Structure formats: C-alpha cells, structure tokens
Amino acid sequence: MKKILITGGAGFIGSHVVRLFVNNYPDYQIFNLDKLTYAGNLFNLKDVENKPNYHFLKADIVDGEKMFELFAAHQFDGVIHLAAESHVDRSISNPMEFVMTNVIGTVNLLNAARHQWKDAMESKRFYHVSTDEVYGSLGETGYFYENTAYDPHSPYSASKASSDHFVRAYHDTFGLPVVLSNCSNNYGPNQFPEKLIPLFINNIRHNKPLPVYGKGENVRDWLYVVDHARAIDVIFHRGKTGQTYNIGGHNEWKNIDLIKVMCRVMDEKLGRTLGTSEQLITYVKDRAGHDLRYAIDSGKLQRELGWVPSLQFEEGIRLTIEWYLQNQQWLDEVTSGNYLKYYEQQYVNR
Ligand code: NAD
Ligand code: TYD
C-alpha cells in the first residue's frame, strides 16, 4: 500500500489531482496537506472527503519542523508538491509571501524527504509541479521546450524558478529521486476568481466591468485542469527520474479574443442579447512586467508517455462556464470577506 503526500490539495489544481488519485487508486493512502490559505477550500473535495483512502493534514510547509514530524509519522512513499502562492498580481504586491511558501516551503519538503528516505531512495519519488512562467516571455513565434533557459520576470515566476532549481539541485547533489513538470495556464471548475477566467465569469454575472490589462494582446496557452491532473498521474507513475516534462494545451489565445468568446457564451447561458457582456470590457493600466506570450511544446510528454489533452477548448470553456453558473454558492462564498478587500486594492482606481 503506497502512501502519497499531495501538498496544496485544497486548491484549484490540487483538488483535481487529489480527486483523481483517491478515485483511481483505492489501494493508495492519499494525504492532502494544506494550510488553507484564502485559495484553499475543503469544499472542493466534498465528494471524496469520506473515502477511506483520503486523509487531510492541516499544516504550513514553511514550518520545517512540522514537515519532519509529518514525514516521520506517516512514512510517505511519494510526494506530489503543488502547494504554492500562485497569483502573479499578489506576488507584485507581496513578494515575500511567495519567497516563504514557494522557495522555503519547497526546500523544507525536500529536506524532510531527503532525511526520511535516506535508506530507501530508489523506491521513492518527489514530484514538483511548476509553471511555464519560469521560461519568461516569448515573442510572436516559438515555443518553450524543457531545455529553454529560465528567464522569470514576476516575483511569482522567480519564486517558482528558484524552487525548480532547488528540486534539481537535490537530485544532482543528494540523489533525491525527483521529477518535475512545467504547465501552461489552467482553467476549469474550482479556480479562485482572482485569475482571468473565473474573475471575468463572476464579473459578467454581476454586470461589473471586465478589467483588461493593457491592450488585451497578451497570449496564454490554456489547458483544462482535468487534463493537467491526468498528465500529473502519468508523469508521477511513468516519468523518468531526474527529468522535466512540459505540459500544454497547444491552445493559444490572445486575452481579448478569449474574453470575447467568454462574453458570447455567457450571453447565451444567461439569456442576454448577444453583445451585452462585451460592453463590460474596460481597458485598464497594464500589469507591471507583463509577459507577452507563453506557449508550451509538450511533444516530449506526448512522445515518451503518450499523454494528449482530452478536451477541445470550445468544450472546456463551456463546461467551465456551466460549472460556475451551477455553483453560484461556491462563488458567493469565496468572494465574500477578504476577497472584497483584495478586489478593492487590485482594481479600484486602476
Ligand atoms: P491555488 O492558489 O489554487 O492553490 C494553492 C494551494 O496551496 C491552496 O490550497 C493553498 O491553501 C495551499 N497553500 C498555499 N500556501 C501554503 C503553505 N504555506 N503551506 C501549505 N499549503 C499552502 O494554486 P493552483 O492554481 O492550484 O496551483 C497549484 C500549483 O500548480 C502551484 O504550484 C502552481 O505554481 C502550479 N501551476 C499552476 C498553474 C495555473 O494555471 N493555475 C499552471 C501551472 C502550474
Ligand atoms: P492570470 O489568470 O492572472 O494568469 P497568468 O498571469 O498567470 O498568466 O492572467 C491571464 C492573463 O489575463 C494575463 O495576460 C493577465 C490578464 N488579466 C487581465 O487582463 N485582467 C485581469 O483582471 C486578470 C486577473 C488577468
């Protein structure tokens, strides 16, 4: 029986990974370790919380001693590390929190794993989940490959880049059996409405302005979150130790074009006259250091491990919009309290 530690399992991507592992591997014990920051929500896991192979551990990865304690108590065989501060705009207003969780927190987990696994490294695995943002920004053409040089521009991507370097350093220096992946922008159910897609769905629903940064010409490569979770499953089980795999949707959209698609689908779903939601588009001051374009080449993952995205974007965005409209209580709960303060600071007078 394998014991797998998943960090950040109450967050957006983590909750989809926990669900997939709990349901697909009844013979594994899945431990979800999460601090439950503003982005962590146990409601995301309501459907699996009573399964016998699911366990929740409330803890902060910045607490190094606690990580040693938990590794000693539970003797994990594998780690899938997703816990992080994940929003670029918040990293611009509070970089230190990103250094603490993303860098120090990751090194704490590496130290605990290294210590606990020192006599049995071969049978273990430390999987670090990262982002394509570490590669920096592309011009109009080209792709990020696994060997593209790191060139982060935001405090978020700099902190993720640093954590990736530490993970590789622990492999090269101490023989820790690591594997990494760098994924493009995710979308889908349970994403906190600070990121573009759920924020705009929520604003359209409330007839609030849609704050488009700059001219809306930045390009992102969007992947449905369940396809990311499937890739994590494949890489965790069959990826080669010491290797990195890029994960992406081959699905590039200029922000403004994506926003117009969302407006059209929302008009349709809400029974509004076509064109109503587009009138909410408001161009605001650009994000500082805003990367122009991200695009992932996921050829290595497809060739070596046979993974391909399962959903076309048109289907994924409809499913996503339907989920948010059917789960308005979820949206209302996460957008009360602190969210209102965040929204005020981030968007009023921008
Ligand atoms: P998220 O912000 O939705 O969730 C992060 C989770 O980590 C939350 O549950 C939070 O409570 C937890 N957490 C934060 N600080 C913690 C701490 N100190 N100790 C323990 N738990 C803590 O993030 P997400 O979008 O689900 O991203 C998950 C991972 O995937 C991150 O590592 C991120 O860098 C990476 N990633 C995200 C995307 C994306 O588009 N969202 C794309 C590629 C990679
Ligand atoms: P986001 O969802 O924050 O993801 P990331 O910055 O990690 O790619 O943003 C996606 C794109 O949308 C990015 O180019 C910034 C832009 N954006 C806006 O134009 N307005 C917004 O209010 C937000 C949150 C993002």
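Remember, it's a predicted structure, so these values are computed and weren't measured experimentally.

**Focus on the packing of aromatic side chains**
The relation between two aromatic rings is expressed through the spacing of the ring centres and the mutual angle of the planes. The full count for this structure, using the stated rule, is 24 aromatic pairs. Measuring from centroid to centroid gives 5.5 Å for Tyr-187 and Tyr-224, while their planes differ by 65°, and the two rings are edge-to-face. Here Tyr-187, found in strand S7 (residues 185-187), pairs with Tyr-224, found in strand S9 (residues 219-224); they are 37 residues apart in sequence, far enough to count as distant. Side by side, Tyr-187 and Tyr-224 carry an identical accessibility label, which is buried. Judged by centre distance (5.2 Å) and plane angle (70°), the ring pair of Trp-323 and Trp-330 falls under edge-to-face. Just as Trp-323 is buried, Trp-330 falls in that class too. Counting every residue linked through ring pairs, the aromatic cluster contains Tyr-38, Phe-192, Tyr-213, Tyr-339, Tyr-342, Tyr-343 and Tyr-347. The lysine or arginine in question, Arg-90, covers the ring of Tyr-342, its NZ or CZ lying 4.1 Å from the ring centre. Across the ring face of Tyr-143, the terminal group of Arg-293 is positioned such that the distance to the ring centre comes to 5.9 Å.

**Focus on the pairing of strand S10 (residues 244-247)**
The two faces of S10 match: Thr-244 and Asn-246 on one face and Tyr-245 and Ile-247 on the other face are all buried. As judged from the four bridges shared by strand S6 (residues 178-183) and S10, these two strands associate in the parallel manner. From the neighbouring strand, Leu-180 faces S10, where its bridge partner is Thr-244.

**Quick notes on the site of ligand 2**
In the region of ligand 2, 19 residues are neighbours, and Glu-133, Arg-220, Arg-287, His-290 and Tyr-347 sit closest. Contacts to ligand 2 include Pro-211, whose backbone N or O atom sits 2.8 Å from a nitrogen atom. Contact with the protein chains covers 98% of the free accessible surface of ligand 2, which is 510 Å². Of all the secondary structure elements, the ones that give two or more residues to the shell around ligand 2 are helix H6 (196-205) and strand S8 (210-213). Across the shell around ligand 2, the residue classes break down as nine nonpolar, five polar and five charged.

**So, the packing of helix H4 (residues 95-116) against helix H5 (residues 155-174)**
Packed helix pairs are specified by the crossing angle of their axes together with the interaxial distance, meaning the distance between the axes. At a minimum axis distance of 8 Å, the contact between H4 and H5 shows a crossing angle of 15°. In terms of orientation, H4 lies roughly parallel with respect to H5. As for the relative orientation of H4 and H5, their crossing is right-handed in sense. In this structure, H4 contributes Pro-95, Phe-98, Asn-102, Val-103, Thr-106, Val-107, Leu-110, Asn-111 and Arg-114 to the contact, and H5 contributes Pro-155, Tyr-156, Ser-159, Lys-160, Ser-162, Ser-163, Phe-166, Val-167, Tyr-170 and Phe-174.

**A word on the nonpolar core**
The biggest cluster of nonpolar side chains holds 37 residues, and the ones touching the most others in it are Ile-197 and Leu-210. Only H6, S8, S9, helix H8 (255-270), strand S12 (281-284), helix H10 (313-326), helix H11 (328-334) and helix H12 (338-347) provide two or more residues apiece to this core. If we skip the residues at most four places from it in the chain, Ile-197 touches Tyr-187, Trp-222, Leu-258, Met-262, Ile-317 and Thr-320. In terms of nonpolar packing, the next biggest core, distinct from the first, is built from 31 residues, Val-18, Phe-21, Ile-80 and Ala-231 among them.

**Section: the site of ligand 1**
Around ligand 1, the surrounding shell holds 28 residues, and the nearest of these are Ile-13, Asp-34, Ser-86, Tyr-156 and Lys-160. At a separation of 2.5 Å, an oxygen atom of ligand 1 approaches a polar side-chain atom of Asp-34. In this structure, Thr-101 approaches ligand 1 through a side-chain N or O atom, which is 3.0 Å from a nitrogen atom. At the level of elements, helix H1 (12-24), strand S5 (125-131), H5 and S7 are the ones that each hand at least two residues to the shell around ligand 1. Along the lines of polarity and charge, the residues of the shell around ligand 1 split into 13 nonpolar, eleven polar and four charged.

**A few points about the pairing of strand S2 (residues 28-34)**
Of all seven residues that make up S2, seven are buried, and the element is covered over most of its length. Residues Tyr-28, Ile-30, Asn-32 and Asp-34 line one face of S2 and the alternating positions Gln-29, Phe-31 and Leu-33 line the opposite face, and both faces are buried. As defined by bridge partners, strand S1 (residues 2-7) adjoins S2 across six bridges and the pair is classed as parallel. What sits directly across from Ile-6, in S2, is Asn-32. As paired strands, S2 and strand S3 (residues 54-58) are joined by five bridges and run parallel to one another. What sits directly across from Phe-31, in S3, is His-55.

Conventions we followed
Residues numbered from 1 in each chain as written. Chains lettered and ligands numbered in written order. Predicted model: local features only at pLDDT ≥ 70, side-chain atom pairs only at ≥ 80, totals over all residues. Heavy atoms only, no water. Phe/Tyr/Trp six-rings, centres within 6.5 Å; stacked < 30°, edge-to-face > 60°. Helix = DSSP H or I, 4+ residues; strand = E, 2+ residues; numbered from the N terminus. Buried < 20%, exposed > 50% of the residue type's maximum accessible area, 1.4 Å probe, protein only. Lys NZ or Arg CZ within 6 Å of the ring centre and 35° of its normal. Pairing = 2+ DSSP bridges. Near = heavy atom within 4 Å. Polar contact = N/O pair within 3.5 Å; in protein donor to acceptor, adjacent residues only side chain to side chain. Areas by Shrake-Rupley, 256 points an atom, 1.4 Å probe, with all protein chains shown as cover. Nonpolar A, V, L, I, M, F, W, Y, C, P; charged D, E, K, R; others polar. Axes fitted to C-alpha atoms, helices over the stretch in contact; angles between N-to-C directions. Parallel < 35°, antiparallel > 145°, perpendicular 65-115°, else oblique. Left-handed = near helix turned anticlockwise from the far one by under 90°. Contact = heavy atoms within 4.5 Å. Core = buried A, V, L, I, M, F, W, Y, C linked by side-chain atoms within 4.5 Å.

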